[in-house]
Amino acid sequence: MKSKIFFVSLFFWMFTAVCFAEFGERFEVDGYDLHISATQLSKKLIVRGDVKYGEPCSLLKIYVYVSDDKGHSTIAKGIIKNYRRSGRFTIKKNYSNGGNWTITDISVFKK
C-alpha cells in the first residue's frame, strides 16, 4: 500500500513539474533565473513563478506585468521570504474579463 501511495505521489509531482515547465516562460532578471506563467482560470488571473537561481536574500519581491489580448493589463506581485537559491510563488487575482495573458515585463527587488 505504501509503495502505491509513493508512486501516485511521484506521478503527481512529475506531472505537475512537466506541465509547469511546458507552459512557463523563462526570464533572467537582475541575476535571477525565473520561470513564470500567466493564465486565466474562470474568474481569476493566476500567475505562477519558480525562481531557480539568484543571490540569497531575506525578502525577494517579483513584480510581473501582464497584458491580455483584450487590451487589459495589470501587475501581480509575488513574494518569497528567506530566498535561498530556489523558491516558488503563486498569485491569484480576481479578473473576470481577462483573455490570453502575456508577460510584458518583470522587476525584481531584494532585501
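Residues numbered from 1 in each chain as written. Predicted model: local features only at pLDDT ≥ 70, side-chain atom pairs only at ≥ 80, totals over all residues. Heavy atoms only, no water.

Concerning the sheet that holds strand 4 (residues 57–68)
In spatial order, the strands read 5-4-7; together these three strands make up an open sheet with antiparallel pairing. Each having just a single partner strand, strand 5 (73–83) and strand 7 (101–110) make up the two edges of the open sheet. The mean inter-strand angle of the sheet, taken between neighbouring strand axes irrespective of direction, is 20°. In terms of strand pairing, strand 4 meets strand 5 through ten bridges, oriented antiparallel. (Pairing = 2+ DSSP bridges. Helix = DSSP H or I, 4+ residues; strand = E, 2+ residues; numbered from the N terminus. Axes fitted to C-alpha atoms, helices over the stretch in contact; angles between N-to-C directions.)

Points about the packing of aromatic side chains
In total, this model carries three aromatic pairs according to the counting rule given. Seen from their ring centres, Tyr63 and Phe109 are 5.5 Å apart, and the 80° between their planes marks the pair as edge-to-face. You can see Tyr63 sitting in strand 4 and its partner Phe109 sitting in strand 7, a full 46 residues away along the chain. For the pair Tyr95 and Trp101, a centre-to-centre distance of 5.1 Å together with 85° between the ring planes defines the contact as edge-to-face. (Phe/Tyr/Trp six-rings, centres within 6.5 Å; stacked < 30°, edge-to-face > 60°.)

Quick look at the nonpolar core
With 23 residues, the main nonpolar core has Ile36, Val47, Val51, Leu60, Ile62 and Phe89 as its most contacted residues. The element best represented in this core is strand 4, accounting for five residues. When residues no more than four places from it in sequence are discounted, the contact partners of Val51 are Tyr32, Asp33, Leu34, Leu60, Ile62, Ile80, Tyr83, Arg85, Ser86, Gly87 and Phe89. (Core = buried A, V, L, I, M, F, W, Y, C linked by side-chain atoms within 4.5 Å. Buried < 20%, exposed > 50% of the residue type's maximum accessible area, 1.4 Å probe, protein only. Contact = heavy atoms within 4.5 Å.)

Things to note about the environment of Ile62
Locating Ile62 in the fold gives a position in strand 4. Residue class for Ile62 comes out buried when judged on its relative accessible area of 0%. For the pair Ile62 and Val29, spaced 33 residues apart in sequence, the C-alpha separation works out to 9.8 Å. Those residues within four positions of Ile62 in sequence are excluded, and the remaining contacts are Ile36, Val51, Ala76, Lys77, Gly78, Ile80, Phe89, Ile106, Ser107 and Val108.

Observations concerning the pairing of strand 4
Hairpin geometry of strand 4 and strand 5 is characterised by an intervening segment of four residues between the two adjacent antiparallel strands and by a positive phi of about 95° at Gly71. Of the strand pairs in this sheet, strand 4 and strand 7 are connected by nine bridges, and their pairing is antiparallel. Its bridge partner being in strand 7, Ile62 is matched across the sheet by Val108.

Some details on the sheet that holds strand 3 (residues 44–53)
As summarised here, the arrangement of the four strands in space is 1-2-3-6, forming an open sheet in which the pairing is antiparallel. The strands lining the two open edges of the sheet, one partner per strand, are strand 1 (25–29) and strand 6 (87–94). Taking each pair of neighbouring strands and ignoring which way they run, the sheet shows an average axis angle of 25°. Of the strand pairs in this sheet, strand 2 (residues 32–41) and strand 3 are connected by nine bridges, and their pairing is antiparallel. Bridged to Leu41 within strand 3 is Lys44.

What about the environment of Gly24?
Structurally, the position occupied by Gly24 is in the loop between helix 1 (2–23) and strand 1. Sequence spacing of Gly24 and His35 is eleven residues, and the spatial spacing of their C-alpha atoms is 5.4 Å. Once residues within four sequence positions are removed from consideration, Gly24 is found in contact with Ile36 and Ser37.

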